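# Breakdown of the fold
This is what each chain is made of:
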Amino acid sequence: MVNFKRMFFYYIILVVFLPLTIQAAEKKWVYTVVEGDSLWSISQEYLEETAFYQKLQKLNGITYPKKLQPNTLIEVPMSWIKSYPTYATITAISGKSTFFKQGETQVTKLGSILSFGDILTVDANSSVSLTLVDGSVLTLLEKSKLSFESLISYGKTGMADTQLKLHQGKVETQAKKSKGPGSRLDISTASAISSVRGTVYRVAHSSQDHNSLIEVLEGEVEVNAQMQSEYIAKGFASKVAKGQVPSKPIMLLNAPRFISTKNRFEGEEVNFDWENVKDAIAYKVQISSNNTFTDIVWQQHQPQTVATLAKIVDGDYFIRVSALSLSNIEGFARSTSFSVNNKPLPPAISEVDSFFDAGTRELTWAYAKELSGSLLQIASDSNFDNVIILTNLSESSFIIPNTLPFGKYYWRVAGVDHKGRGPFSKGNDFLWQALLSPVQWSYQHKTDQLVVDWSALKVDESVQIQVADESDFMTNTQVLESVVKTLSIPIPNDRDIYIRSRVINKKLNVHGEWSDVKTISNNDDNALISFAFLALFILL
């Protein structure tokens, strides 16, 4: 016989206590009271109904709902909080991508809005970055496809529940820190679901073999597949095959170390090299216009440890390199900044040897019509580390000032247009010196020597003499230097010789111009001797 009294008793128990049990198990958001708060204002601001303030008072055991003490913690069941569908916004685009919305395919643009049911597709050599309502940023890499399964915002609490599905490709995620139990970012594939809040990680999926990879760079990620979870910490990855449980954590490869420290490229090929990473079979190279790599303008996979960036336009960039393991797991990445400046092309500058203070001292270069000006550098070293003169010019020439100390200098010119300065030309050198007057000298020709006498020299000056068989002084040239007033020079007596001189100031590192060439003839003397021998022979 059915005991109706007992059944009625159990029914009363269920009706009274079951809601309380469910409510106790429900996740709760915790609000911190600030000055001026009341339960009514909190309910109006955050809850679905203002009338919930009475439930809030009862749940938290508050005696004075209108006089809340600052820093009091108020528990609020998630089901009471305002929630509504939200969206993601396209914030960076490189290359070509489209999204499917309400039966229509559209080209992605900056500011495009993506919501529940939309599908985003990224083509080869392209990337797209999008920002969620809570500030989390996702970058979808080339040949990827992502659908938006759920986008829920919990109003002014800052919490957001986002559920996405990666059908193909790879997505890099920078998730904002959790603001409560309603904060969640799930990225699922055909093989697994990854759940995070407040971390940086990557999810990759192949639609061919249905394998998924989860690589954690910061924080921790929960990976779930086949009713089994695996928590993956920073520096590890998990590989999930379709129908299989997540693998145990696999350590990520170290970030490559750059060898070259060059970070500015002007009028030259852009090259980067790095050290080989142990166990790496390939490397992933990415170029972005920002250090968060949400705008990837160039990328490639390669086995070599050097990358040449061809046809990259002028600008400021960041390069990021990571190593790939045999399992195609991408390791930690290392990045550095660099700039490219190839336009406008540098002007062609003139070739000069030396300038004298008493003569013409003009540097000149070609001037293209598209230029608005030129930038000239004169330095004391070939690396242009010690620049003496740096000046902007509207013309294509420059007069060396008399105030410039005598010595050897290096100069180069860069073109300037409406975008700024281009690369410098190849540097040329010139000698800037005082004009030293040629020495006044005379000589006496003896049989096998030449005695040269010259006028008095000034302090720090010496005389340099060249004696040669040819008047161009290109062959068999003897060079002598002296500070004394008279010098004896051995010479051959069987042929003519040529001689010239100039003044040198070693302290200033300058020299004067060569004197006129003088010819010392030995033929007349030889003929006279021959004639004397002939006459003697006849007389005998």
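Residues numbered from 1 in each chain as written. Predicted model: local features only at pLDDT ≥ 70, side-chain atom pairs only at ≥ 80, totals over all residues. Heavy atoms only, no water.

### Digging into the nonpolar core
As a reminder of what qualifies: Each nonpolar core is a collection of buried residues, namely Ala, Val, Leu, Ile, Met, Phe, Trp, Tyr and Cys, held together in the definition by side-chain atoms within 4.5 Å. Residue burial is assigned from relative accessible area. The probe radius is 1.4 Å, only protein chains are included, and a residue is buried under 20% of its type maximum, exposed over 50%, and partly exposed in between. In what follows, residue pairs with any heavy atoms lying within 4.5 Å of each other are defined as contacts.
Grouped together as the largest cluster of nonpolar side chains are 31 residues, with contacts concentrated most on Leu120, Leu130, Phe148, Ile187, Tyr201 and Ile214. When neighbours within four sequence positions are excluded, isoleucine 187 is seen to be in contact with Leu138, Leu164, Leu166, Val171, Thr173, Ala192, Ile193, Ser194, Tyr201 and Val203. Judged by nonpolar contacts, the second largest core, of 20 residues, contains Leu253, Ala280, Tyr283 and Tyr317.

### Details of the environment of lysine 408
The following threshold applies: Numbering of helices and strands runs from the N terminus; a helix is a DSSP stretch of H or I covering at least four residues, while a strand is a stretch of E covering at least two.
Relative to the helices and strands, lysine 408 resides in strand β33 (residues 407-417). Using a relative accessible area of 42% as the deciding quantity, one classes lysine 408 as partly exposed. In this structure, the C-alpha to C-alpha distance between lysine 408 and asparagine 342, residues 66 residues apart in sequence, is 29 Å. Contact partners of lysine 408, with chain neighbours within four places excluded, come to Ser380, Asp429, Phe430 and Leu431.

### Topic: the environment of histidine 205
Relative to the helices and strands, histidine 205 is located in strand β15 (residues 200-205). Take histidine 205: its relative accessible area is 4%, and that puts it in the buried class. Sequence spacing of histidine 205 and leucine 110 is 95 residues, and the spatial spacing of their C-alpha atoms is 26 Å. Those residues in contact with histidine 205 that lie beyond four places of it in its chain are Leu166, His167, Gln168, Gly169, Thr189, Ala190, Ser191, His210, Asn211 and Ser212.

### A few points about the pairing of strand β19 (residues 236-240)
Put simply, the test is: Strand pairing is assigned whenever DSSP identifies at least 2 bridges connecting the two strands.
Pairing of strand β16 (residues 212-218) with β19 involves four bridges; the strand directions are antiparallel. Bridge pairing in β19 places serine 212 opposite valine 240. Looking at chain direction, β19 and strand β20 (residues 250-251) are connected through two bridges and run antiparallel. Bridging from a neighbouring strand, phenylalanine 236 pairs with methionine 251 of β20.

### Observations regarding the sheet that holds strand β40 (residues 486-490)
In plain terms, the rule: In this analysis an axis means a line fitted to C-alpha atoms, helices contributing only their contacting stretch, and an angle means the value between N-to-C directions, from 0 to 180 degrees.
Overall, antiparallel pairing links the three strands, which are arranged β36-β37-β40 in an open sheet. Every interior strand has two partners, whereas the edge strands, β36 (441-445) and β40, have only one. Taking each pair of neighbouring strands and ignoring which way they run, the sheet shows an average axis angle of 25°. Bridge count for β36 against strand β37 (residues 449-454) is five bridges, and the pairing is antiparallel.

### Regarding the packing of helix α2 (residues 39-46) against helix α3 (residues 53-60)
Cut-off, in case you're wondering: Any angle from 65 to 115 degrees is called roughly perpendicular, while one under 35 is roughly parallel, one over 145 is roughly antiparallel, and all others are oblique. Each crossing is labelled by how the near helix is turned from the far one, with a counterclockwise turn of less than a right angle marking it left-handed and a clockwise turn marking it right-handed.
The geometry of α2 relative to α3 is characterised by a closest axis approach of 9 Å and an angle of 120° between their N-to-C directions. Judged by the inter-axis angle, α2 sits oblique to α3. Where α2 crosses over α3, the handedness of that crossing is right-handed. On α3, the residues touching Leu39, Trp40, Ile42 and Ser43 of α2 are Tyr53, Leu56 and Gln57.

### A look at the confidence of the model for the protein
Note the threshold: The predictor's confidence in any single residue is recorded as pLDDT, a number from 0 to 100.
Per-chain confidence: the protein averages 87 in pLDDT, with 91% of residues scoring 70 or above. Ranking the elements of the protein by mean pLDDT puts helix α4 (residues 523-539) last with 40 and strand β8 (residues 119-122) first with 98. This stretch, residues 13-24, has a pLDDT under 50; its non-local contacts, to residues over four places away or in other chains, come to five contacts. Segment residues 524-540: pLDDT under 50, and three contacts once partners within four positions in sequence are set aside and those in other chains are kept.

### Overview of the side chain of serine 183
Where we set the bar: Side-chain atoms alone can form a polar contact between residues adjacent in sequence; in general such a contact is a pair of N or O atoms within 3.5 Å, and within protein one must be able to donate a hydrogen while the other accepts it.
For serine 183, the position within the fold is in the loop between β12 (160-174) and β13 (184-188). Among the polar contacts made by the side chain of serine 183, one reaches the main-chain amide nitrogen of lysine 179 at a distance of 3.1 Å. The contact partners of serine 183, leaving out residues within four places of it in the chain, are Met159, Ala160, Ser178 and Arg197.

### Focus: the layout of surface pockets
Over the atoms rolls a probe the size of a water molecule, and its path tells where empty space is left. Note the cut-off: Buriedness for pockets is judged along seven lines, at least five of which must meet protein on both sides within 12 Å for an open set on the 1 Å grid over protein atoms alone, while cavities are sets there where a 1.4 Å probe fits but cannot get out, and lining residues have an atom within 4 Å of a point. Grid points are joined across faces, edges and corners, and a volume is the space filled by probe spheres set on the points. Here the term charged refers only to Asp, Glu, Lys and Arg, the term nonpolar to Ala, Val, Leu, Ile, Met, Phe, Trp, Tyr, Cys and Pro, and the term polar to all other amino acids, Gly among them.
One number sums up the size of the largest pocket: a volume of about 560 Å³. Around the largest pocket sit 22 residues that line it, and Gly169, Lys170, Ala204, His301 and Asn328 are the ones nearest its centre. Grouping the amino acids of the lining of the largest pocket by side-chain chemistry returns four nonpolar, eleven polar and seven charged. Forming the walls of the second largest pocket are 17 residues, and the residues nearest its centre are Val200, Arg202, Leu217, Glu218 and Arg320. Contributing elements (two or more residues each) for the lining of the second largest pocket: β12, β15, β16 and β27 (330-341). Considering each element in turn, the lining of the second largest pocket owes the most residues, four residues, to β27. Partitioned by chemical class, the residues of the lining of the second largest pocket number six nonpolar, five polar and six charged.

### Some details on the sheet that holds strand β24 (residues 296-302)
Strand order in the open sheet made by the five strands is β21-β27-β26-β23-β24, with mixed pairing throughout. Two strands in the sheet have a free side with no partner beyond their single neighbour: β21 (264-266) and β24. Mean inter-strand twist for the sheet, computed between neighbouring axes without regard to direction, equals 25°. The pairing of strand β23 (residues 282-288) with strand β26 (residues 315-324) spans seven bridges and is classified as antiparallel.

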